Amino acid sequence: MLKEKIDGLLDRVQKPARYMGGEMNCVLKDPDSVAIRYVFAFPDVYEVGMSHLGSRILYDIINKREDALCERVFMPWVDMADLMRSEDVPLFSLETRTPVGDFDMLGITLQYEMSYTNILEILNLARIPMHSEDRTWDHPIVIAGGPCAFNPEPLHHFIDAFSIGDGEISTLETIDVVKACKAEGVSRQECLRRLSKLRGVYVPSLYEATYHEDGTLASFEPTEEGVPRTVVKNMVADLDKAEYPESIIVPFMEIVHDRINIEVLRGCTRGCRFCQAGMIYRPVRERSVEHLLDLAQKLVDETGYEEITLSSLSTGDYTCLPQLAHELMEKFAEKRIALSLPSLRLDSQLKETLEETQKVRKTSLTYAMEAGTQRLRDVINKGITEEDLISSVTDAFAGGWSSVKLYFMFGLPTETTEDLDGIADLAGKVVRQYFATPKNLRAKGLRVNCSASCFVPKPFTPFQWEPQDTIEQFTEKQKHLCQIMRIKGVEFNWHEPHVSFLEACFARGDRKMADVLEAAWRLGCRFDGWSDQFSFEKWMQAFEQCGVDPAFYANRRREKDELLPWAFIDAGVTQAYLWRERERAMQAQVTPDCRKGCQGCGLKRFEGACEGR
Amino acid sequence: MILQFQKGDIVRHLGLLDLQRTMQRALRRSGLPIAYSKGFSPHIVMSFASALSSGIPGDAELLDVGLTDETTEEACLTAMNRVLPPSLAVSRVRLVDDRYPKLGAALQQAQYRITLRGGGTKAVAGAIDGFLAQQEIMALRKTKKSETMVNIRLMIHELTAAYDETQDCAVLTARVSFVEAATLKPELLMESLCAFAGAQPERCEIRRTALLGLVDGKPVPLIDL
């Protein structure tokens, strides 16, 4: 009956393929044959969520278990969500159209702060009580993981347990616990208690936070004996031994990253000071060339995709990149498969690899410069120079490329007008380099796509104590940038500061932000990452309703001794290291890549952590 | 080779581009000796007999794919069903040479099964004889370029109904023209018929059951020309 009803809805929405399911390689299991039915939710639309590598890994890992199944659900777009409410259809999984509330476990990935209202919308559409304490065994255990779980507090009221760090092992452990608890018939509360004892698992209802009068955190303690004071993140030691999907779903509709995605390494040791991923995914772990070639072959056979992406935080740092790129090209040239290297670092062995890549297809080149002057790049420890950029684009233009993307941030600590002017200066130099390339070598149609996003200070980075620029400051700087970026051949894009401001509130938010989030959702906020849905006014109204000042989170400088809401998490890197890096930043002192000498970030405390490379 | 495949109910919303991409990837997975076009960005040489609108399922859709090497119909059938989801299962393969007519050009008629339920179903089903007895049935035919009133009676080659009293359900079989200058969409046919009957069924499900060419004036499945 529900299935037919859903079918009827599909005739009435945009992009029904988002809700169709039944794609090639999706896994269908008999629900009666398993002990745990897991549903994995991505709090954004299908085409965004299906592009996410982590979800694909976990989907594969869970479905490999005989005693469990994993199905998928994505955030229905507003037309579908509204229709589901008016037609009384609960949120359903794609594989079997089972109500999400009927599963044993609901996993939610936290990739982006601005998808938090979608999480509340998902819970509501699934008819799962919004607050953890109102749930019973009739509802799934709600577990959330992903990068934003490193500051879980703004979601503390809505999530039963957070899984912090790499999910490959942790996901299986949580399934084991829930399975055992259900079999033994213990209470849901006891199940949460047992989950809290797993490494990397944080059960917020078992901790209490108190605050000083000025709003800062006074204490943060477990409320029960035996619940760990510190939650240590999970790490997969050897990526070659970690599960990786050898078959992936091939969607009918075009998704954002519609290609094979192979994770060559995890972690990054460059130590860019703004970059949370570079800190929380340490240490660096590489997959072997043999393993990657084998995965590539299997995935090509299983999917029929025409493009492979080598992904990681810094693919250019992969030790054997030239060899891997070469062998992949050789292996798949006949099948006309393109190889793209998206996060290519310019100071790596670029040239050789580029020559390989262009044998099949030309993709656009991306350079994340992040800041306009060498001084500011030193502050943020972005080890790229103007010479690196120019020499790289010189080669690229001579090799027939004509499309270049440049990424910058503005609002970085210590930034001045000179640093902003440096952005225009660099873009101009890239344009001049193109015209200096002999006409017979260069391709027509120069396109320099330059984008500047507003800096958001993140937890577990050396800038976690820094204030974010105010919206007014951002707007001022933006105006200046728009004026100086009127350069022929350059297209300039910038990001809206309002969204970045809220992102900053949640990134470093505490438990009080959970009330703001709920208030905003009740006012109708959802899909805040989509500019056509975002309403800053509603958000401000929500802050007002809760008596919470957003500037307290976004624009306030924290003192060294302030108890930070995420300090109970051991993310590998220590707070002492982060502060040291902050001090060096203020003096524009660079810190070399730790592969060239240990910087004492804290990972050495974990046995074998720094050897897997 | 010509593939006859279904566009099942659950994938009825796929548009032509989605279906094209899905078939291309399936062909790449199949291991069959698929022909690629020459040129800067090579692609698989393939063409559908006809694009089926998003929202309408089909029982016997056709795709013509170029091959570079010898193979058998059975091998193709097995290979394709291994790489396609059940909702797009291939029911038949016919290996043909280059002299076989191009499917799109040979297409003359399409057959639909239209299932009506509830509401004015009985009245609509009962009105068919009278509807067909008209010399002229004028209807507004919309194309991308224009809207013109045309006589659709000439485009209806067969229209019958089987009415089931207990279910209040009628299954109509409609065979209509499907050539560039005169294609009668099943939705337009139903609109005219319902207007004539002065009744509206509660539900109307359309499904394409055959793509036909003409041999000596008689309809023949395109795959059997």
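Residues numbered from 1 in each chain as written. Chains lettered and ligands numbered in written order. Predicted model: local features only at pLDDT ≥ 70, side-chain atom pairs only at ≥ 80, totals over all residues. Heavy atoms only, no water.

Enquirer: Before we move on, can you summarise the overall build of chain B with the specific residues and values?
Expert: Regarding its fold elements, chain B presents 6 helices and 12 strands. Since a compact globule built from 225 residues should have a radius of gyration of about 17 Å, the 19 Å found for chain B is in line with a globular shape. Across the 225 residues of chain B, 49% fall into the buried class. Considering only contacts within chain B whose residues lie at least 6 apart along the sequence, 71% involve residues at least 24 apart. Carbon together with sulfur atoms contributes 51% to the accessible area of chain B, which is approximately 11100 Å² in total. Mean positive and mean negative side-chain charge positions of chain B (26 and 25 charges, respectively) differ by 5 Å. (Helix = DSSP H or I, 4+ residues; strand = E, 2+ residues; numbered from the N terminus. Rg over C-alpha atoms; globule rule 2.2 N^0.38 Å. Buried < 20%, exposed > 50% of the residue type's maximum accessible area, 1.4 Å probe, protein only. Contact = heavy atoms within 4.5 Å. Areas by Shrake-Rupley, 256 points an atom, 1.4 Å probe, with all protein chains shown as cover. Lys, Arg positive; Asp, Glu negative; His and termini not counted. Charge placed at Lys NZ, Arg CZ, Asp CG, Glu CD.)

Enquirer: Tell me about the sheet that holds strand β16 (residues 403-410) of chain A, and please be specific about residues and values.
Expert: Residue and element names in this part refer to chain A. Spatial strand order, β15-β16-β17-β18: 4 strands in an open sheet with parallel pairing. Two strands lie at the open edges of the sheet, namely β15 (365-370) and β18 (490-494), each paired on one side alone. When strand polarity is set aside, the average angle formed by the axes of neighbouring strands in this sheet is 20°. Here strand β17 (residues 447-454) pairs with β18 via 5 bridges, running parallel. Each residue of the ladder has a partner; that of valine 448, found in β18, is valine 490. Packing of helix α14 (residues 417-436) onto the sheet brings it into contact with β15, β16, β17 and β18, and relative to β16 it is tilted by some 175°. (Pairing = 2+ DSSP bridges. Axes fitted to C-alpha atoms, helices over the stretch in contact; angles between N-to-C directions.)

Enquirer: I'd love a proper account of the sheet that holds strand β13 (residues 307-311) of chain A, names of residues and values included.
Expert: All names here are of chain A. Sheet architecture is open: 3 strands sit in the order β10-β13-β14, paired in parallel fashion. If you trace the sheet from one side to the other, it starts and ends with β10 (260-263) and β14 (338-340), each paired once. Sheet twist, expressed as the mean angle between neighbouring strand axes with direction ignored, is 25°. Across 4 bridges, β10 lies against β13 in parallel orientation. Residue pairing for β13: isoleucine 262 is matched across the bridge by leucine 310. Packing against the sheet, helix α10 (residues 321-332) makes contact with β13 and β14, and its axis sits at approximately 165° to β13.

Enquirer: An account of a nonpolar patch on the surface is requested, with residue identities and associated values reported.
Expert: A contiguous nonpolar surface patch, about 270 Å² in accessible area, is contributed by B:Met138, B:Leu140 and B:Met149. For B:Met138, the location among the structural elements is in strand β6 (residues 138-142). (Patch = residues over 30% accessible without salt bridge, like charges linked within 9 Å, V, L, I, M, F, W, Y side chains within 5 Å. Salt bridge = Lys/Arg side-chain N within 4 Å of Asp/Glu carboxyl O.)

Enquirer: Any details on the pattern of salt bridges? Residues and values, ideally.
Expert: Residue and element names in this part refer to chain A. Per the counting criterion, the structure on display carries 69 salt bridges over all chains. For arginine 97, the salt bridge goes to aspartate 7, with nearest N and O atoms at 3.2 Å. Placement of the pair is arginine 97 in the loop between α4 (78-86) and β3 (105-109) and aspartate 7 in helix α1 (residues 2-10), with a sequence separation of 90 residues. With relative accessibility at 22%, the residue aspartate 7 sits in the partly exposed group. The network of salt bridges with common partners includes Asp166, Glu168, Glu263, Arg266, Arg285 and Arg287.

Enquirer: With reference to specific residues and values, describe the nonpolar core.
Expert: Counting residues in hydrophobic clusters, the biggest one holds 190 residues, and the most contacted among them are A:Leu110, A:Leu195, A:Ile308 and A:Trp539. Apart from the residues within four sequence positions on either side, A:Trp539 is in contact with A:Thr117, A:Leu502, A:Phe506, A:Val516, A:Leu517, A:Ala520, A:Cys525, A:Asp528 and A:Phe534. Counting residues in each nonpolar core, the second largest holds 42 residues, with B:Tyr100, B:Ala106, B:Leu107 and B:Val150 among its members. (Core = buried A, V, L, I, M, F, W, Y, C linked by side-chain atoms within 4.5 Å.)

Enquirer: How would you explain the domain arrangement of chain A if you had to name every residue and give the values?
Expert: Residue and element names in this part refer to chain A. Taken domain by domain, chain A holds domain 1 (2-232), domain 2 (259-361 + 572-585 + 593-613) and domain 3 (364-495). Opposite the 24 residues of domain 2 that make contact, domain 3 presents 29 residues. Both sides of the domain 2 and domain 3 interface together cover about 2400 Å² of buried area, and 64% of this is carbon and sulfur. Taken together, the connections running from domain 2 to domain 3 amount to 1 salt bridge. (Domains from an automatic or database assignment. Buried area = accessible area lost by both parts, 1.4 Å probe.)

Enquirer: Tell me about the side chain of A:Ser51, residues and numbers included.
Expert: Residue and element names in this part refer to chain A. Tracing the chain through its elements places serine 51 in the loop between α2 (46-49) and α3 (53-64). For serine 51, a relative accessible area of 11% corresponds to the buried category. A distance of 3.2 Å separates a polar side-chain atom of serine 51 from the backbone nitrogen of valine 256. Polar contacts involving the side chain of serine 51 include one to the main-chain amide nitrogen of histidine 257, which spans 2.9 Å. With residues near it in sequence (within four places) discarded, serine 51 still touches Ile255, Val256 and His257. (Polar contact = N/O pair within 3.5 Å; in protein donor to acceptor, adjacent residues only side chain to side chain.)

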